[in-house]
Structures are given as C-alpha cells and as structure tokens.
Amino acid sequence: MSAEKISVKQARSPESIGKTVKIEGWLRTRRDSKAGFSFLEINDGSCLGNLQVIANADLPNYEQQIKSLNTGASLCVIGELKESGGKCQATELVASSLVVYGEADPETYPLQKKRHSFEKLREWAHLRPRTNTFGAVARVRNCICNSIHQFFQEQEFLYVHTPIITASDCEGAGAMFQVTTLNLDVIAQKQIQQLDYKQDFFGRRAYLTVSGQLEGETFACALGKIYTFGPTFRAEKSNTTRHLAEFWMIEPEMAFYELEDNMALAEAFIKRIARDALTKCPEDMALFNEHIEPGLIAALQNVVDSQFVRLPYTEAIELLAASGQTFEYPVKWGVDLQSEHERFLTEQQFKSPVILYNYPRTLKPFYMYCNDDGKTVRGMDVLVPRVGEIIGGSQREHRLDMLEARMAEQGIPAEDYWWYADLRRFGTVPHSGFGLGLERAVQFITGMTNIRDVIPFPRFPGSVEF
RNA sequence: GCCCUUGUAGCUCAGUCGGUAGAGCAACGGACUGUUAAUCCGUGUGUCCUAGGUUCGAGCCCUAGCGGGGGCGCCA
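Source: prediction; values computed, not measured.

**Student:** Explain the overall build of chain A here, please?
**Tutor:** The helix and strand inventory of chain A stands at 13 helices and 17 strands. Referenced to the eigenvectors of the C-alpha coordinate spread, the extents of chain A come out at roughly 85 × 60 × 45 Å. Evaluated residue by residue, chain A yields a buried proportion of 50% over its 466 residues. Long-range pairs, those at least 24 residues apart, make up 68% of the contacts in chain A between residues at least 6 apart in sequence. Carbon and sulfur atoms form 50% of the exposed surface of chain A, whose accessible area is close to 22,500 Å².

**Student:** Can you walk me through the sheet that holds strand S7 (residues 158–159) in this structure?
**Tutor:** Strand pairing in a sheet takes place through backbone hydrogen bonds and is either antiparallel or parallel in direction. As summarised here, the arrangement of the eight strands in space is S7-S11-S12-S17-S16-S15-S14-S13, forming an open sheet in which the pairing is mixed. Pairing within the sheet leaves two strands with one partner each, and these edge strands are S7 and strand S13 (309–312). Summarising the sheet, strand S14 (residues 354–360) and strand S15 (residues 376–384) pair through six bridges and their orientation is antiparallel. Looking at the pairing, Pro360 lines up with Thr376 of S15. Strands in contact with helix H13 (residues 438–446) are strand S11 (225–233), strand S12 (246–255), S15, strand S16 (388–395) and strand S17 (431–437); relative to S17, the strand with the most contacts, it is inclined by about 60°.

**Student:** Would you explain the side chain of Thr346 in this entry?
**Tutor:** Relative to the assigned elements, Thr346 resides in helix H10 (residues 339–349). Each residue touching Thr346, except ones within four places of it in the same chain, is listed here: Lys351, Ser352, Pro353, Val354, Leu383, Val384 and Pro385.

**Student:** Looking at this structure, how should I read the environment of Asp276?
**Tutor:** Considering the arrangement of structural elements, one finds Asp276 in helix H6 (residues 259–280). Each C-alpha atom of the pair Asp276 and Leu48 lies 17 Å from the other, and the pair is 228 residues apart in sequence.

**Student:** Which parts of the structure should I look at to understand helix H8 (residues 296–305)?
**Tutor:** Of the residues making up H8, those classed as buried are Leu296, Leu300, Val303 and Val304. One face of H8 carries all of its buried residues, which in axial projection span an arc of 100°. The outward face of H8, more than 90 degrees from its buried face, is lined by the exposed residues Ala298 and Asp305.

**Student:** What's the story with the protein's contact with RNA strand B in this structure? I'm lost.
**Tutor:** Near RNA strand B, the surroundings consist of 54 residues, among which Gly86, Glu92, His243, Gln338 and Arg440 are the closest. For RNA strand B, the backbone makes up 52% of the atoms found within 4 Å of the protein, where backbone means sugar plus phosphate. Within the contact set of RNA strand B, a base oxygen lies 2.6 Å away from a side-chain nitrogen or oxygen of Gln52. In the environment of RNA strand B, a phosphate oxygen lies 2.5 Å from a nitrogen or oxygen atom belonging to the side chain of Arg122.

**Student:** I would appreciate a short explanation of the side chain of Arg452 in the present structure.
**Tutor:** By the secondary structure assignment, Arg452 is in the segment after H13. With no salt bridge to any partner, buried Arg452 finds its closest opposite charge in Asp453, at an N-O distance of 7.8 Å. Residue contacts for Arg452: discarding those within four places in its chain leaves Arg122, Arg128, Ser238, Asn239, Thr240, Leu244, Pro458 and Phe460.

**Student:** Can you help me understand the nonpolar core in this one?
**Tutor:** Across soluble globular proteins, nonpolar side chains show a tendency to be buried alongside one another. Membership of the largest hydrophobic core comes to 66 residues, with the highest contact counts inside it found for Phe269, Met285, Phe288, Ile391 and Ile445. Setting aside residues no more than four positions away along its own chain, Met285 makes contact with Val140, Ala277, Leu278, Leu296, Ile297, Leu300 and Ile445. Counting 24 residues, the second largest nonpolar core, distinct from the first, contains Ala11, Leu27, Ile42 and Leu81.

**Student:** Would you mind going over the sheet that holds strand S8 (residues 165–166) with me for this structure?
**Tutor:** Strands sit in the order S8-S10-S9 across an open sheet of three strands; the sheet is antiparallel. The two strands at the open ends of the sheet, each matched to only one other strand, are S8 and strand S9 (178–179). As paired strands, S8 and strand S10 (residues 206–208) are joined by two bridges and run antiparallel to one another. What sits directly across from Thr166, in S10, is Tyr207.

**Student:** I would appreciate a short explanation of the packing of helix H3 (residues 132–154) against H13 in the present structure.
**Tutor:** Axes are the key here: two packed helices are described by the angle between their axes and the distance separating the axes. Between H3 and H13, the least distance of the axes is 10 Å, while the angle of their chain directions is 120°. It follows that H3 is oblique to H13 by the angle criterion. As H3 packs across H13, the resulting crossing turns out to be right-handed. Touching Val137, Val140, Arg141, Ile144, Cys145 and Ile148 of H3 are Leu438, Glu439, Ala441, Val442, Ile445 and Thr446, all from H13. Of the residues belonging to the contact of H3 with H13, the class tally is nine nonpolar, one polar and two charged.

**Student:** Looking at this model, I keep getting lost on the environment of Glu217. Mind explaining?
**Tutor:** Looking at the element boundaries, Glu217 is found in helix H5 (residues 213–223). Under the relative-accessibility criterion, Glu217 is labelled buried at 0%. Not counting residues up to four positions away in its chain, the partners in contact with Glu217 are Glu253, Arg396, Tyr420, Leu423, Arg424 and His431.

**Student:** Even after reading the chapter, I still don't get the environment of Pro330, so can you show me in this structure?
**Tutor:** Looking at where Pro330 falls in the secondary structure, it is placed in the loop between helix H9 (313–321) and H10. For Pro330, a relative accessible area of 67% translates into the label exposed. Expressed as a C-alpha distance, the spacing of Pro330 and His341, which sit eleven residues apart in the sequence, is 9.5 Å.

**Student:** Where do I start with a nonpolar patch on the surface in this structure?
**Tutor:** On the surface, a nonpolar cluster with roughly 400 Å² of combined accessible area is contributed by Ile164, Ile165, Phe201 and Phe202. Considering the arrangement of structural elements, one finds Phe202 in the loop between helix H4 (184–190) and S10.

**Student:** Hey, could you run me through unusual backbone geometry in this one?
**Tutor:** With the exception of glycine, most residues fall at negative phi, and the peptide bonds are largely trans. Phi at Gln191 takes a positive value of approximately 55°, unusual for a residue other than glycine. Secondary-structure assignment places Gln191 in the loop between H4 and S10. A relative accessible area of 60% means that Gln191 is categorised as exposed. The phi angle at Arg386 is positive, at roughly 75°, despite the residue not being glycine. Considering the arrangement of structural elements, one finds Arg386 in the loop between S15 and S16.

The rules behind each value
Residues numbered from 1 in each chain as written. Chains lettered and ligands numbered in written order. Predicted model: local features only at pLDDT ≥ 70, side-chain atom pairs only at ≥ 80, totals over all residues. Heavy atoms only, no water. Helix = DSSP H or I, 4+ residues; strand = E, 2+ residues; numbered from the N terminus. Buried < 20%, exposed > 50% of the residue type's maximum accessible area, 1.4 Å probe, protein only. Contact = heavy atoms within 4.5 Å. Areas by Shrake-Rupley, 256 points an atom, 1.4 Å probe, with all protein chains shown as cover. Pairing = 2+ DSSP bridges. Axes fitted to C-alpha atoms, helices over the stretch in contact; angles between N-to-C directions. Arc of directions from axis to C-beta. Near = heavy atom within 4 Å. Polar contact = N/O pair within 3.5 Å; in protein donor to acceptor, adjacent residues only side chain to side chain. Lys, Arg positive; Asp, Glu negative; His and termini not counted. Salt bridge = Lys/Arg side-chain N within 4 Å of Asp/Glu carboxyl O. Core = buried A, V, L, I, M, F, W, Y, C linked by side-chain atoms within 4.5 Å. Parallel < 35°, antiparallel > 145°, perpendicular 65-115°, else oblique. Left-handed = near helix turned anticlockwise from the far one by under 90°. Nonpolar A, V, L, I, M, F, W, Y, C, P; charged D, E, K, R; others polar. Patch = residues over 30% accessible without salt bridge, like charges linked within 9 Å, V, L, I, M, F, W, Y side chains within 5 Å.

Quick look at the structure:
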C-alpha cells in the first residue's frame, strides 16, 4: 500500500479526507470500546490537537499490543482518513496497520493524561515538550523568532553574528561568567594566589557576552541597519520569574536613527510579534487565553491596535508623585523606577505598553547620548503589562569628547574601548539601538508567568541538570 | 543576596489536641455498541525531605541543613 506521510496538523484538515496516509507520533490517550475497537489519540507536535485513530480488533496486533498501549508510546499508523463521527474533530484515521516503535511503561513514565504543575514539569524538562502547554510554548516561540527575522529582513536589516566570548565588560550589564582553560584543580592544589592570565587561552581574561551591542555598533556604523539574535549570559544570582542566567537577545542597531526613530521601530517590532502570534498560532493562543491568562488575546489585540504611551522620565516621576499611591520605594527625580512603579504605569495608569525615555544620566551607562540639558540621556525602556521591562535601548553617544567624558565620569578604562571610540573618531554618525529579551517577549505573548517555562532548558543559579 | 512560604503514595493534596497515615486522579483487573481529560465496579501503593533534639510516644513541637514556589534587588 502506498501511503503519503503527513503531519497530524494536515491530517486534521477536512481536505485530507479520503487519502491513505502514514502518521507517526506519540500516543496521548487510549479509550477502548468493547464493541471491538479502540480510540487512540496521536500527537506529533505539529499542532495542539491530536489525531483520533480508530484501531479495530481485526488488526493482527490488536489484542497483544494495541490494547495495552499507554500514554507516551510512539507509533506509526497507516490507514484511510475519514470524516469523523465524533463531535470534537473533523477527521479520523481508520488504521489498516499500526506499528509500535517504543512503549512507555506506565509504572515509570512520569507524564499522565491529566495536567501536571509547571513546577513538577521543570523536574522533567526532557519530557515536558510532550505536554500541550509546552508544545504550544515551543510553537509560539518559533513563530516569534520567525517574525523577528522577517520584520528586520523586510526592512533590509542585516543579521550580524556578534561574538559569544568577549574580553569587554560591555555596559556593566551585570556579573559575567568567566571563560578559562586554566586548570582550577591544579591551581587550588598549588595554592597559587595570583593567576597569570597570559597563560590562559586568550592571553587575558575572557567572559561570556552580556550583550552584543558594542560589536553591533561597529557593523551599523558601516552597513547601516543590522540586528543580532543570539545567546546572552548574566551571572547575577537573580531568583525571579523574569530572569535567566542564559537567555536570547535581539539587538538591532541603526545608523542615522535618533531616539524617536528608535522608539518607533521598537513599537512596530512589538506589534508585529503580537500580530503574527495571533494570526499564525490561533489554536495555541486560544489555549493560553483559556488556561493560562484569561483575556490574553483581547489584551494583545489591544496592543496591536493602540498607540504606545511615550513618557519622559521626568513626567513619569511627576505622575507617580501625584498619583496618590503609596509605594514601598518613594519616588523623586533621580531615583531609578522600581517594579512597582513600572507596574503602576503600565497596568493601572495607562493599561498599555509605555515607552519611558530621557533618563537621568547618572542612572544610565556611558554610551547613551547626553541631552543638551546636561542632566538626561536619550535612553528608553519599553514596559509592558505583566512582564515589565521588555526592551531597553538608547540613542548612542556619537560625539567623541562627550563619550570620553562619560567614561571618565563612570570610571570606565578608556583603553579597553579604543576600538569603540574609533567609531567616533572616524566618520561618526548619530545611531541608535535596543535590546529585546526573547524570553520576556514569549512571556508577554503567551501569558506564561515564569520565564523558566518559556525556554526549553532554563539556566538559573544552581540549575544545569538538562 | 534579603524576606515570605512550602516539602506526606506515581501526581494533586488532606491529616484535628502529639497516640505510628488517607482521599481524588493515574496504574492494574473487570463492565460498557462511537468515545472526547469517557463512564461504572474492584485492587494495590509510603525513607511523611535529611540530621539532630524534646517526649512514654513526633507527619505534627524545637534546632540546623537541603530542595521547591513567590516577592524584592540587579536587568532583558
């Protein structure tokens, strides 16, 4: 028999009725009817829904094998797709042959038909993609990544790969993981006090990157518009629902863009990601809307349709001070905004994404463009409901004298950044960029509350099991 | 790093006043003419996180440690 291999997603479509097909996937549940057949539900990850398979008793391995199949078993089914007699699906596959690739012993297989807590599923990170929610997260995450590339490629941005191992501390964005080939055990045995990094692999100290921004700027200052999309590392011992030690970051960098252009790009970018998730993953988004975050779809549609609020830091402080709210951390000009303040602005005051900009220069790193008032810099943060800061960016300081002054002000050794300063020395241009944390975007789109559940294998303090 | 909370069956949890542990689900066996997290009947299941301590007696009280979750800080 010639049978075309198709996905469960294709097989669930009424257009496939009448075809003889081959389906391969994993069993989710089995229901027997003593009328002499069993219902098998197969999932292959191509979509949220399962394919219902009718396994009749005349199959040669029905009594021996099929009747004792359990959740988790892997199968190959060949048969004809028919219109389903049931109400919950359009199609069903009537098996003419069923091969079991591998069984899943119900005594030891951890996953059940019923739902598990996300906390428990984190202990089975290797099996959790087999569940509805994590399958949906994986598909939406993929959709978001695809949107990101399309969004930039359509506008003639170049995808640039910035290094993962770096010598520069970049922006002081956080504690860094050190990369070394020095033998720590030997060093400990010999009780060496002073390490000679000239003996190390790179001849000096090296780290995992905390941002590709500075390297990205070098390409923007040659090729115009670029973006990076890669892994990023922070050795902070952060224990929250929105921090990871290893995460993925998207960093566009654009020559000839000022802060307003940067804000416009960031807004269009977020809207594009949300719109694509809603239109391309309706089934998965419906699951999140129903089981994870009620009202999610309406809220995202509102994000797509509305204008983001743009609020200078100084006005935000005035607004918070006049709000009548009591905050744990009092607000006054010059202090950094805390989570509670950001949450108030985006969740209560405006009920929409908010772009805060023009921060006090003392709060922000040396590379941000200094405004004429001498007090503020052209930095911006995009805050969204539930997640908080999803994007951080700025117009970059492109005036050499100002950059050097700011480095001195913040105690940054200029000699380490000679190549960065060269961009200002030779053909400097106004330019801007921002960084989007992919996992925070996935949280925002899916409504998942813990960032550890939107990345396949989360890294956080004390955790590298998988 | 700080604060709060939690740890009991494969999973979710209950466990009163300190008297040596029990529900639902899953699993297994059976029933059922098309089911949809099927339904109904029956069966089994324990290092009560670990180590000390108090007590005639500890799942329960005390101390320390370890693990999980949440909040804060750092940020994306």
